[in-house]
Amino acid sequence: MPRIELSTEIRSSIEICFDLSRSVDLHKLSTAKTNEEAVAGKTSGLMNLNETVSWRATHFFIRQELTTKITALDHPVYFVDEQLKGIFRSLRHQHKFAQDGEKTIMTDYSQVICGNS
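Bear in mind that the values here come from a model prediction, so they are computed numbers and not experimental data.

(A) Region of interest: the overall build of the protein. For the protein, the helix and strand inventory stands at two helices and seven strands. Over its C-alpha trace the protein gives a radius of gyration of 14 Å, about what one expects of a compact globule, namely 13 Å for 117 residues. With respect to the principal axes defined by its C-alpha atoms, the protein has extents near 45 × 30 × 25 Å. Carbon and sulfur atoms make up 54% of the accessible area of the protein, which totals about 7200 Å². Charge centroids of the protein, computed over 14 positive and 15 negative side chains, lie 6 Å from each other.

And the structure:
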C-alpha cells in the first residue's frame, strides 16, 4: 500500500493547529476553487471522534462524493480520518502534532488503495 508522508512547520500552538485541522469550515475555504461542499453529516464546526462528513466536489472534471469518519482522536496530538465512501478502495489519513518551542510540527500520513477489489 503506498504511503504519503508530509510534515509542515506551523508557527502556532499545537491546540490551534489541531483544531484548525479538524475544521469543516476551514476545509471549505481552502477548497473554494473546486467548489467543494459539505453535504451531509458534520457540515460546519470541528470534527470529533466518530463523526462523519460527506463532501461533494469536482476533481479532474469528475463529480465525486466522499464520506469520511474520524476513527481515532487523542486531543491535541493525533487523529485519523478514514474514507467510508468514495472513489478510492481505501483511504486512511493520520494526523500527528508535536509542539516544538513556538511552532507545531504537523505530520500527515496518507495510505490510499485505488481501484476495485
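Having seen the structure, we can now continue with the description.
(B) Spatial organisation of the environment of Ile 113. Mapped onto the elements of the fold, Ile 113 is located in strand β7 (residues 103-113). Judged by relative accessible area, which is 23%, Ile 113 ranks as partly exposed. For the pair Ile 113 and Arg 92, spaced 21 residues apart in the sequence, the C-alpha separation amounts to 9.2 Å.

(C) Region of interest: the environment of Leu 6. Within the secondary structure layout, Leu 6 lies in strand β1 (residues 3-10). C-alpha separation for the pair Leu 6 and Thr 107, spaced 101 residues apart in sequence, amounts to 5.6 Å. Leu 6 has contacts with Met 106, Thr 107 and Asp 108, leaving out every residue within four places of it along the chain.

(D) Region of the structure containing the pairing of strand β4 (residues 62-74). Both strand β3 (residues 52-59) and β4 contribute to a ladder of eight bridges, which runs antiparallel. Of the residues in β4, the one forming a bridge with Arg 56 is Glu 65. The hairpin formed by β3 and β4 contains two residues between the paired strands, and Phe 60 there has a positive phi angle of roughly 55 degrees. In this structure, β4 lies alongside strand β5 (residues 78-85), joined through seven bridges in antiparallel fashion. In the sheet register, Leu 73 faces β5, and the bridge partner there is Phe 79. Taking the residues between adjacent antiparallel strands as the criterion, β4 and β5 are bridged by three residues.

Rules of the game
Residues numbered from 1 in each chain as written. Predicted model: local features only at pLDDT ≥ 70, side-chain atom pairs only at ≥ 80, totals over all residues. Heavy atoms only, no water. Helix = DSSP H or I, 4+ residues; strand = E, 2+ residues; numbered from the N terminus. Rg over C-alpha atoms; globule rule 2.2 N^0.38 Å. Areas by Shrake-Rupley, 256 points an atom, 1.4 Å probe, with all protein chains shown as cover. Lys, Arg positive; Asp, Glu negative; His and termini not counted. Charge placed at Lys NZ, Arg CZ, Asp CG, Glu CD. Buried < 20%, exposed > 50% of the residue type's maximum accessible area, 1.4 Å probe, protein only. Contact = heavy atoms within 4.5 Å. Pairing = 2+ DSSP bridges.

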